[in-house]
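This is what each chain is made of:
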Amino acid sequence: MPERATPDDGRSEKSAEAVVAAGLAGSEGPNVKEGEARSSLEGSMPQMSRQLELPFMGRGEAPRGGRSVEGPTAARASGHPGNDGDGLMERALSRPNLKAALKRVRKNKGSPGVDGMTTKELLPYLWEHWARIREALLAGKYQPSLVLRQQIPKSGGGVRELGIPTVLDRFIQQALLQVLQPGFDATFSRHSYGFRPKRSAHDAVMAAKRYVQEGRRFVVDVDLEKFFDRVNHDVLMGRLARRIRDDRVLGLIRRYLNAGVMANGVVMERYEGTPQGGPLSPLLANVLLDEVDKELEKRGHTFVRYADDCNVYVRSRRSGQRVMGLLRQLFGRLRLRVNEEKSAVARAGARQFLGYRFWVAAGGAIRRRVAPQALDEFKQRIRQITRRNGGRSLAQVTKELGPYLRGWRAYFQLADTPGILGDLDGWLHRRLRALQLKHWKRGRTVFRELRARGLPEWLITKGAGHGRRWWWAAGLGAMQTALPGRYFDGLGVPRLAATTSTL
């Protein structure tokens, strides 16, 4: 692995940004003269030598409205035998596309890969090595680094395996994604919602509700067994080859799929799967599963798919059983397996979809609520943050709570159950009161704090005589009066019941 530059190598991040903006992918195109581009670079980097400027200035982006002449020529000169198609690799390596990819990778942040490089170190690394990397990409010879494996515990048991590419590989994958996604996305099924522009999990939930409201009260809920770990590389590459003509791009994607995995310092080869954690993985999943979507559409089924979560809505259990058999066949063609334990044909209200469940309100209207499993996960996370043996102040705990609660509330804003959300607010406030009581420790301290808050003597006496029963005492009127909900509002703890959907 080549030596990589460090952030403190004498060049500021601001000037590095200027390099990317001025010519990371090469020349400035037909509208900017080479001398003007060089002058721009010299103005932003007075300390740079001409030798360091040149790698960023050579063999550039395709002219607007046409193909690059130098890029494909370089690829052929290197002996690359494949077809460059419509110059897809050149478009991926164009200056505007790379600039957008860099911005996205830095915004997403994320953990370092096997080389330990952080997103902040990416720019200094590109200063030194981008010319060599770009030539390898154009020649079809770039070799991705190993993928770092991380295991995330699942709420229902087991672990979810994530594969974290290096920051450099995430940058290259993001650049590829930005040129591949528009063409693929235009042909995807309207029933597919996962990881697509201008589509979201909320859109999927709303579509599912609409189907149930129309009278399709049974759902074929299909769960794929370790989908991202079981994707067959040959099947996936066959689908990609139907749409991508640039052999260099196909070869690069294949090498990303085959990149080895490092787990606990041990390198393992990989023959199947597309690791979650890389920017390309969601698009590749949609490419593979689009075949199933199209077959369901052809047969006139109403369904919603979000990544590997697929729900087909039907009017009877018998119809559902037939659809389940069809799905087993369709996924079998892709060499994917249905998890029989987690898949079922059932009434729509008995199954969850993306954390929501449906219920029938007065007048037969279908409403949404947070699924019990999602509520359990929420409480488990809150218990972890507000644990009373963490040695943290109330201010530190509420600071950590804020982002989690805001994200959770934003996701579950479609829930039509403000009463349940209000109960969660009350439960959370009680946990915070119990935490504060433990910090006060002694009855004398509690007595002093309650008196300072203006409580009457009889209520202070009742509240201070709790001993060390923090959870029990947190539910007393004295503590609720001393530390009301608006007190936690002032500490920046969002209320879950503050905003609910009227859709």
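Residues numbered from 1 in each chain as written. Predicted model: local features only at pLDDT ≥ 70, side-chain atom pairs only at ≥ 80, totals over all residues. Heavy atoms only, no water.

Asks: I would appreciate a short explanation of the overall build of the protein in the present structure.
Replies: When helices and strands are counted, the protein shows 22 helices and 10 strands. For the protein, with 503 residues in total, the buried portion stands at 50%. Taking the intrachain contacts of the protein between residues at least 6 apart in sequence as the baseline, contacts between residues at least 24 apart amount to 74%. Counting every atom, the protein has about 24200 Å² of accessible surface; 49% of that belongs to carbon and sulfur. (Helix = DSSP H or I, 4+ residues; strand = E, 2+ residues; numbered from the N terminus. Buried < 20%, exposed > 50% of the residue type's maximum accessible area, 1.4 Å probe, protein only. Contact = heavy atoms within 4.5 Å. Areas by Shrake-Rupley, 256 points an atom, 1.4 Å probe, with all protein chains shown as cover.)

Asks: I would appreciate a short explanation of unusual backbone geometry in the present structure.
Replies: Note on backbone geometry: most residues besides glycine have negative phi, and most peptide bonds are trans. Of note, the phi angle at Lys109 is positive, near 55°, even though the residue is not glycine. Tracing the sequence through the fold places Lys109 in the loop between α6 (95-108) and α7 (119-139). The exposure class assigned to Lys109 is exposed, which follows from its relative accessible area of 56%.

Asks: What exactly am I supposed to notice about the side chain of Arg196 here?
Replies: Inspection of the secondary structure puts Arg196 in the loop between α8 (167-185) and α9 (201-213). Its relative accessible area of 8% is what places Arg196 among the buried residues. A distance of 2.8 Å separates the side chain of Arg196 from the backbone oxygen of Ser192, its partner in a polar contact. Here Arg196 is in contact with Gln181, Asp185, Phe188, Ser189 and Asn286, once residues within four sequence places are set aside. (Polar contact = N/O pair within 3.5 Å; in protein donor to acceptor, adjacent residues only side chain to side chain.)

Asks: What am I meant to see in helix α17 (residues 418-440) here?
Replies: Note: α-helices contain 3.6 residues per turn, so residues at a spacing of three or four share the same orientation. With 23 residues, α17 extends 33 Å from end C-alpha to end C-alpha; this agrees with the ideal 33 Å at 1.5 Å per step. Phi for Lys441, located one or two positions after α17, is positive at around 65°. (Expected span 1.5 Å × (residues − 1).)

Asks: Help me understand the packing of α7 against α8, please; the structure alone is not making it clear to me.
Replies: A pair of packed helices can be characterised by two numbers: the angle between their axes and the separation between those axes. Running from amino to carboxyl end, α7 crosses α8 at an angle of 60°, the nearest separation of the two axes being 10 Å. Between α7 and α8, the angle is such that the two are oblique. With respect to the hand of their crossing, α7 and α8 are arranged in right-handed fashion. Mapping the contact onto sequence places Thr119, Leu122, Tyr125, Leu126, Trp130, Ile133 and Leu137 in α7 and Val167, Leu168, Arg170, Phe171 and Ile172 in α8. Of the residues contributing to the contact of α7 with α8, the split by class is 10 nonpolar, 1 polar and 1 charged. (Axes fitted to C-alpha atoms, helices over the stretch in contact; angles between N-to-C directions. Parallel < 35°, antiparallel > 145°, perpendicular 65-115°, else oblique. Left-handed = near helix turned anticlockwise from the far one by under 90°. Nonpolar A, V, L, I, M, F, W, Y, C, P; charged D, E, K, R; others polar.)

Asks: Could you clarify how one ought to interpret the environment of Phe184 in this entry?
Replies: Of note, Phe184 is situated in helix α8. Under the relative-accessibility criterion, Phe184 is labelled buried at 4%. Measuring from C-alpha to C-alpha, the distance between Phe184 and Leu240 comes to 9.8 Å, with 56 residues separating the pair along the chain. In this structure Phe184 touches Leu240, Arg243, Ile244, Leu283 and Val287, once residues within four positions along its chain are discounted.

Asks: Looking at this structure, how should I read the nonpolar core?
Replies: Among the nonpolar cores identified, the biggest contains 70 residues, and Phe171, Leu180, Leu240, Ile253 and Leu327 are the most heavily contacted of them. When neighbours within four sequence positions are excluded, Leu240 is seen to be in contact with Phe184, Leu250, Ile253, Leu284 and Val287. Grouped together as the second largest cluster of nonpolar side chains are 49 residues, Val304, Phe378, Ala415 and Ala434 included. (Core = buried A, V, L, I, M, F, W, Y, C linked by side-chain atoms within 4.5 Å.)

Asks: So what exactly am I meant to see when it comes to the packing of aromatic side chains here?
Replies: Here the distance between the centres and the angle between the planes together describe a pair of aromatic rings. Overall, the coordinates contain 12 aromatic pairs when judged by the stated rule. Where Phe184 meets Phe188, the ring centres are 6.4 Å apart and the plane angle is 25°; that geometry is what we call stacked. For the pair shown, Phe184 and Phe188 are each scored as buried. Taking the centre distance of 5.3 Å and the plane angle of 75° together, the rings of Tyr487 and Phe488 count as edge-to-face. The class for Tyr487 is partly exposed, based on a relative accessible area of 27%. By way of ring pairs, the aromatic residues Tyr356, Phe378, Tyr404, Trp408, Tyr411 and Phe412 are connected into one cluster. Lys379 extends its terminal NZ or CZ atom over the ring of Trp427, reaching a point 5.3 Å from the ring centre. (Phe/Tyr/Trp six-rings, centres within 6.5 Å; stacked < 30°, edge-to-face > 60°. Lys NZ or Arg CZ within 6 Å of the ring centre and 35° of its normal.)

Asks: Hey, could you run me through the packing of helix α11 (residues 233-241) against helix α13 (residues 281-298) in this one?
Replies: Running from N to C, α11 and α13 cross one another at 85°; their axes reach a closest spacing of 10 Å. Taken together, α11 and α13 sit at an angle that is classed as roughly perpendicular. Contacts from Val235, Leu236, Arg239 and Leu240 in α11 reach Leu284, Val287, Leu288 and Glu291 in α13. Of the residues assigned to the contact of α11 with α13, the class counts are 6 nonpolar, no polar and 2 charged.

Asks: What exactly am I supposed to notice about the pattern of salt bridges here?
Replies: Working definition: two side chains of opposite charge can pair if their charged atoms are close together. Counting across every chain of the model gives 17 salt bridges. As a salt-bridge pair, Glu340 and Arg328 come within 2.9 Å of each other at their nearest N and O atoms. Of this pair, Glu340 sits in the loop between α14 (317-333) and β8 (344-347) while Arg328 sits in helix α14, and the two are 12 residues apart along the sequence. Under the relative-accessibility criterion, Glu340 is labelled partly exposed at 45%. Under the relative-accessibility criterion, Arg328 is labelled partly exposed at 38%. With its nearest N and O atoms 3.5 Å apart, the salt bridge here joins Asp416 to Arg368. You can see Asp416 sitting in the loop between α16 (394-411) and α17 and its partner Arg368 sitting in strand β10 (residues 366-370), a full 48 residues away along the chain. The pair Asp416 / Arg368 is uniform in exposure class, with both members buried. The network of salt bridges with shared partners includes Glu90, Asp246 and Arg248. (Salt bridge = Lys/Arg side-chain N within 4 Å of Asp/Glu carboxyl O.)

Asks: Looking at this structure, I do not really get the confidence of the model for the protein. What am I missing?
Replies: Caution applies to low-pLDDT parts of the model: their predicted coordinates are not meant to be read in detail. Summing up the model confidence of the protein, the mean pLDDT is 79 and the portion of residues at 70 or higher is 72%. Predicted confidence for residues 1-82 stays below pLDDT 50, and this span has 143 contacts to residues more than four positions away or in other chains. (pLDDT = per-residue confidence, 0-100.)

Asks: Would you take a moment to explain the side chain of Ser281 for this structure?
Replies: Looking at where Ser281 falls in the secondary structure, it is placed in helix α13. The class for Ser281 is buried, based on a relative accessible area of 4%. Sequence-distant contacts of Ser281, defined by excluding residues within four places in its chain, comprise Phe228, Thr274, Pro275 and Gln276.

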